[in-house]
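Structural features, examined
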Amino acid sequence: MGVRDVANGSEVVHGFPHLDTVRSAVTALYRRLSPEGVHSYASSVLPADVAFDDRDDLHLGAQRVAGALVRHLRLPDARMIVSFREMHHAAGVELAAGPEYFIELNDRFRTHRRDIGAALAHEITHVLLHRLGLSFPGLRDNEILTDTVTTYLGAGWLLLDAFREDGVSSQKLGYLTPEEFGYVLAGRALAFGEDPSPWFTSAEGYRAYTAGRAEALRDARRPPLTTAGRLARHRYAKDRRHALEDPSRQHAGEGAYVFEPAPGGLRVSFPCTTCHQRIRVPVRGRVRARCGLCRTILECDT
C-alpha cells in the first residue's frame, strides 16, 4: 500500500472525477464505525502535534509524528517503524498482523520534512482500515477510500496542505484531487462544526479547500431540501409533476433525487448531506427526514 506522489512538475488533475467513490467511502465509514464511532474523531490532529522542521532529528522526528497520528487514529497498540529509501511512491506500509508495522518514506522527505506528517497519515490510515476490515475492490478505489477516511477522521488536512503548484513545479500527495480533498474536509467541517482554514500553510491547498467547500454546500442546497434555491425548486416541481402523471415507474430528476412508486403513493429518494446514504420519504409536502445511518435530521419539502 502506498500513497501516490505527483511531483517534479507532473500535471496535477483537478476537479471532482472521483466524487461517487468518495461519497461511497464516507457511507462505508459510517456503516463500519457507527455515528458514535465517527464522532469520536470530532477533533482533528493539530498542527503542533505533527510539526517537523530541519532542526529535528530525522528518524526521531518521524517516529514522534507517527506516534501522534497513531494516537489520533485510535491505534494505541500499533507501533510504526519508519525508514527512508529511494522509491516511486511517496510512502508505503507493510500490512501484517501487527503490532509492529513498517512504513517506508521516499528519500526526498529527508529534505522535505514538513510533508512527512501527510505521508504518514495516509499510511497509518491503511493500518486502521486493515484492522477494521474495511476495503474497496481495486487499487484505485481502495486508495480513494484511504484518502477519504484519512481526511474525514481528522488527519487528511495534512495531505491537502502538502499540495503546492506554480508555473514550474507541483506537488500533490494522495489519489484524490485537491478539490476532492477539500470536499471531504468541508463535509467533515460541516458535520463537526470545525474550521480547518487556519491550519493551511499552502495557498494552493486553501484554494482547493474553498472549491471543495462550495461543492459540499451545493449538496446541502439540493431538492427536496428546503434550503434549495428557487430554480432548483422549480425543476423539482416539474420532475414531480411528470412522476405523478406516471407513478408506476421510477423517474430520475435533474438532481440527485429519484421519484419511486410505493404503496400508498409516490416517494422520493435522495442522498443524506452528511453520510450520503440514500433517504426515502413520501411525497406529501413538508416533512422532516431522519437519516437511518448517521441520524442527521433534514428539513424537506417533497
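Throughout what follows, the structure given in this document is the object of discussion. (Residues numbered from 1 in each chain as written. Predicted model: local features only at pLDDT ≥ 70, side-chain atom pairs only at ≥ 80, totals over all residues. Heavy atoms only, no water.)

Looking at the state of the cysteines
Counted only if it meets this: The definition used for a disulfide is geometric: two cysteine sulfur atoms within 2.5 Å. Three exposure classes are used, based on accessible area relative to the maximum for each residue type with a 1.4 Å probe and protein chains only: buried under 20%, partly exposed in between, and exposed over 50%.
Per the stated rule, a full pass over the model turns up 0 disulfides. Lacking any disulfide linkage, Cys272 is separated from the closest cysteine sulfur, that of Cys294, by 3.5 Å. For Cys272, a relative accessible area of 1% puts it in the buried group.

Considerations on helix H9 (residues 230-245)
Put simply, the rule is: Runs of H or I in DSSP of at least four residues are treated as helices and runs of E of at least two as strands, each being numbered from the N terminus. Here a helix's expected span is defined as the number of its residues, less one, multiplied by 1.5 Å. This arc describes the spread of directions from the helix axis toward the C-beta atoms. Working rule for contacts: check all heavy atoms of both residues, and any pair within 4.5 Å makes them a contact.
When the terminal C-alpha atoms of H9 are compared, their 23 Å separation across 16 residues agrees well with the 22 Å that a helix rising 1.5 Å per residue should span. Along H9, the residues classified as buried are Ala232, Arg233, Tyr236, Asp239 and Ala243. Considered in projection along H9, the buried side chains sweep an arc of 125° and stay on one side of the axis. Residues of H9 that are exposed and point more than 90 degrees away from the buried face comprise Arg230, Leu231, His234 and Glu245. Buried residues in H9 make contact with strand S8 (251-252), strand S9 (258-262), strand S10 (265-271) and strand S13 (297-301).

Some details on the environment of Val12
Mapped onto the elements of the fold, Val12 is located in the loop between strand S2 (5-6) and helix H1 (19-39). With relative accessibility at 5%, the residue Val12 sits in the buried group. Remark: the alpha-carbon pair of Val12 and Pro178, spanning 166 residues in sequence, is separated by 8.6 Å.

Here we look at helix H5 (residues 139-152)
Given 3.6 residues per turn, any residue in an α-helix points the same way as the ones three and four places further on. With 14 residues, H5 should cover 20 Å at 1.5 Å per step; its first-to-last C-alpha distance of 20 Å lies within 8% of that length. In terms of burial, H5 is a largely internal element, 11 of the 14 residues being buried. Of the residues making up H5, those classed as buried are Asn142, Glu143, Ile144, Leu145, Thr146, Asp147, Thr148, Val149, Thr150, Thr151 and Tyr152.

Section: the packing of helix H3 (residues 58-72) against helix H4 (residues 116-132)
Filter applied, for reference: Axis definition: a line fit to C-alpha positions, over the contact stretch in the case of helices; interaxial angles, taken between N-to-C directions, run 0 to 180 degrees. Angles are sorted into four bins: roughly parallel if under 35 degrees, roughly antiparallel if over 145, roughly perpendicular if 65 to 115, and oblique for all others. The hand of a helix crossing depends on one turn: near helix anticlockwise from the far one by less than a right angle means left-handed, and clockwise means right-handed. Note on residue categories: nonpolar means Ala, Val, Leu, Ile, Met, Phe, Trp, Tyr, Cys or Pro, charged means Asp, Glu, Lys or Arg, and polar means any other residue, Gly included.
Look at H3 against H4: their axes get within 10 Å of each other, and the N-to-C directions meet at 45°. Here H3 is positioned oblique relative to H4, judged by the angle of their axes. As H3 packs across H4, the resulting crossing turns out to be right-handed. Two secondary-structure elements touch here, H3 through Leu58, Ala62, Val65, Ala66, Leu69 and Val70 and H4 through Ile116, Gly117, Leu120, Ala121 and Ile124. When grouped by side-chain class, the residues that make up the contact of H3 with H4 number 10 nonpolar, 1 polar and no charged.

Focus on the sheet that holds S8
Rule in force here: Two strands qualify as a pair provided DSSP detects at least 2 bridges between them.
Strand order in the open sheet made by the 4 strands is S8-S9-S10-S11, with antiparallel pairing throughout. The open sheet has two edge strands with one neighbour each: S8 and strand S11 (278-282). Strand direction decides the pairing type here: S9 and S10, joined by 5 bridges, are antiparallel. Within S10, the position partnered with Pro261 by the bridge is Leu266. Strand contacts of H9: S8, S9 and S10, with the helix running at about 30° to S9, the strand carrying the most contacts.

Notes on the environment of Gly92
Relative to the assigned elements, Gly92 resides in strand S4 (residues 91-94). Overall, Gly92 belongs to the buried group, its relative accessible area being 12%. Gly92 sits 10 residues away from Val82 along the chain, and the two C-alpha atoms are 10.0 Å apart.

A few points about the packing of H5 against helix H7 (residues 178-192)
One can describe the packing of H5 onto H7 by two numbers: an axis separation of 9 Å at closest approach and a directional angle of 35°. In the crossing of H5 with H7, the sense of the turn from one axis to the other is right-handed. In contact with Asp147, Thr148, Thr151 and Tyr152 of H5, H7 contributes Phe181, Val184, Leu185, Gly187, Arg188, Ala191 and Phe192. Considering only residue class, the contact of H5 with H7 consists of 6 nonpolar, 3 polar and 2 charged.

Details of the pairing of strand S5 (residues 100-106)
Relative to S5, strand S3 (residues 79-85) runs parallel, the two being bridged by 7 bridges. Across the sheet, the residue bridging to Phe84 is Leu105, located in S5.

Quick word on the pairing of S9
Where S8 meets S9, 2 bridges bridge the pair, whose relative direction is antiparallel. From the neighbouring strand, His251 faces S9, where its bridge partner is Phe259. As consecutive antiparallel partners, S8 and S9 are separated by 5 residues. Between S9 and S10, which follow one another and run antiparallel, lie 2 residues, and Gly264 among them has a positive phi close to 90°.

Examining unusual backbone geometry
Cis peptide bonds are those with omega within 30 degrees of zero, and the linkage from Pro223 to Pro224 qualifies with 10°. Of note, Ser34 is a non-glycine position whose phi angle comes to about 75°, a positive value. Tracing the sequence through the fold places Ser34 in helix H1. For His276, which is not glycine, the phi torsion reads 75° and is therefore positive. Judged by its relative accessible area of 15%, His276 is buried.

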